[in-house]
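Descriptive analysis of the structure
So you can see what is in the structure, the chains are spelled out below.
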Amino acid sequence: MRSTTLFSLAALCVLCTAPMALAHRDAGPDAFDALADIGARVERIRQYDDGPQGIHAVIAYSHTAGFKARDAIGIGLLKGRSVLVKDNIETEEWPTTAGSLALADNFTRRDAPLIANLRRNGGVVLGKTNLSEWANIRDDNSTSGWSAVGGLTRNPHAIDRNACGSSSGSGAAIAAGMAWGAIGTETNGSITCPASINGIVGFKPSVGLVSRTHVVPISSTQDTAGPMTRTVYDAALLLSAIAGEDPADPATKGVPRKADYTEGLRTASLDGVRVGVMRKQLGRRADVRAVFEQALADMEAQGAVLVDIEFDPNPEMYRDSFTVLKFELREEMGRYLASIPKFERGDTPRSLADLIAFNEAHAAEEMRWFGQSIFLEAEATTDREAYEKARANALRIAGPETLDTIFAENDVALIVAPTRGPAWVSDLVNGDNYGGSIGFGSPAAIAGYPHLTVPMGAVERLPVGISFIGPKWADHDVLKTGAAYERARTARLPAPSFKRWSAE
């Protein structure tokens, strides 16, 4: 899948000579040299993505990106900044595969509305990133970051470790400096987990800020696209560029949306901000707890008011949310597949049943390491009355009875918890090992509330992030608080090693 034809940069720019410095550079809101930057990004892809030690985050990239950057200089919010796009989001240049061979010929030749917004705002689509196949909804024993199209994405901080998912390639690529920003998608943890584990910023916006049209779906209730970047400011800038109303997506209509989510971020303060600390969601790892406590101390030193919260969510929320995902997957995947143009070769799948049949017919390529148990369950989840009851219950528990109750009863603006633990060793035979009940992202995912993760340090040189979760439509406030913490952070952040992890 990867396009290895490089564009000619001789007349446009000179390749940067400090790749590791580029990977950790804050692009900044003001001066930005789009031509020099995009040349350096392509060099990073060439140097660190391919081969036996490569991280395999990028499955295709543009041979005309340099010219696009030249043409975009001075346009919109992004002014030629390079953006990688998760390969379940349609762009006109490449097929949109969701990582599956069943969609290898899915050349729709259309931009998703969020990509059209990106281009109008001066963003340059540099390429497509690998992902957990079907955004990790095919089977309950999958390995995050693996797809039949792109193989296994590796964590640049330790290439034997997992990049989490499902936006694995987007997270790993930004950590490796392969683009200024990337777009991921999340249904439940698919932006925030890879961002945390790869040591970058990831933002899952309130559902409805960003269009989902022409994005391979799981759930209209929970799906959203969002930015993955090096800094909170850059995440806010990228969100501003892709957000917008879409007549084809009812969730986006009438949303209280800001034109510029970077407004006030550079001067945002923690002084007097009441922050709820989810004490029961820290997990049992003393090393993660120690990093988190330092993050709390950094916030408190800047005037934040920390409020300890003890809360156990109603487990019916998780059960009913899964019912919602399965029902909506079957229906909405069918609608998406019905919308794509007929393939020039081979059969065009038009339903979830067609995808199941394809996997069975191509089991050696698609199902060597894990099956399609969730696909099969979704195909059998057809009771609409049960679905509607489950959806109402899950939304009520996650929103009013969990997050809204926490905010109101504790008088806090937002809540924090560790996002995830450190990256685990990738194991295609046995699947993922998330390592305990760390984090509180599911209620925000189910209710559609904003969730930001920001690097807070490392455990054994493996990044860990801190989550900031706020009320619905409080995206700007969450971003401002995250930016203020980012400036207050005292922990040293690790640089990618592009090597296997070892005890030093």
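What counts, and at which threshold
- As a convention, each chain's residues are numbered from 1 in the sequence order in which they are written.
- Only residues with pLDDT of 70 or above have their local features reported here, since the model is predicted, and side-chain atom pairs are shown and tallied only from 80 upward, although totals for entire chains, interfaces and linings are computed over all residues.
- Side-chain calculation: all heavy atoms of the structure are included, whereas hydrogens and water are not.
- Each reported salt bridge corresponds to a side-chain nitrogen of Lys or Arg within 4 Å of a carboxyl oxygen of Asp or Glu.
- Helix and strand assignments come from DSSP, with helices taken as H or I runs of at least 4 residues and strands as E runs of at least 2, each series counted from the N terminus.
- Helix axes use the C-alpha atoms of the stretch in contact, all axes being lines fitted to C-alpha atoms, and the angles between their N-to-C directions lie in the range 0 to 180 degrees.
- Small angles under 35 degrees read as roughly parallel and large ones over 145 as roughly antiparallel, with 65 to 115 read as roughly perpendicular and the rest as oblique.
- Here a residue-residue contact requires only that any non-hydrogen atoms of the pair lie within 4.5 Å.
- Classification convention: Asp, Glu, Lys, Arg as charged; Ala, Val, Leu, Ile, Met, Phe, Trp, Tyr, Cys, Pro as nonpolar; all other residues, Gly among them, as polar.
- Only protein chains enter the area calculation, which uses a 1.4 Å probe; residues under 20% of their type maximum are buried, those over 50% are exposed, and those in between are partly exposed.
- Residues adjacent in sequence count toward polar contacts only when both atoms are side-chain atoms; beyond that, a polar contact is any pair of N or O atoms within 3.5 Å, and within protein one must be able to donate a hydrogen and the other to accept it.
- Among buried residues, those of type Ala, Val, Leu, Ile, Met, Phe, Trp, Tyr and Cys that are joined through side-chain atoms within 4.5 Å constitute a nonpolar core.

The tally for this structure, following the rule as stated, stands at 28 salt bridges. Arg46 is paired through a salt bridge with Glu43; the nearest N and O atoms lie 3.6 Å apart. Here Glu43 and Arg46 lie together in helix 2 (residues 34-48), a separation of 3 residues that amounts to about one turn. Beyond isolated ion pairs, a larger network of salt bridges with shared partners links Lys68, Glu93, Asp111 and Arg119.

Below, the discussion takes up the packing of helix 7 (residues 232-242) against helix 15 (residues 475-488). Where helix 7 contacts helix 15, the axes come no closer than 9 Å and their chain directions differ by 155°. Taken together, the axes of helix 7 and helix 15 are roughly antiparallel relative to one another. In this structure, helix 7 uses Val232, Tyr233, Ala236 and Leu239 to contact helix 15, whose residues at the interface are Leu479, Gly482, Ala483 and Glu486. Of the residues in the contact of helix 7 with helix 15, the class split is 6 nonpolar, 1 polar and 1 charged.

A word on the environment of Ser321. Here Ser321 shows up in helix 9 (residues 316-339). For Ser321, a relative accessible area of 4% gives the class buried. A C-alpha to C-alpha distance of 9.6 Å links Ser321 and Ser442, two positions 121 residues apart in sequence. A distance of 2.8 Å separates the side chain of Ser321 from the side chain of Gln222, its partner in a polar contact.

Let us look at the nonpolar core. Leu114, Ile183, Ile466 and Phe468 are the most contacted members of the largest nonpolar core, which has 61 residues in total. Sorting elements by how many residues they give to this core places helix 7 first, with 9 residues. If you look at the next biggest cluster of nonpolar residues, it comprises 31 residues, including Ile174, Met178, Ala179 and Ala195.

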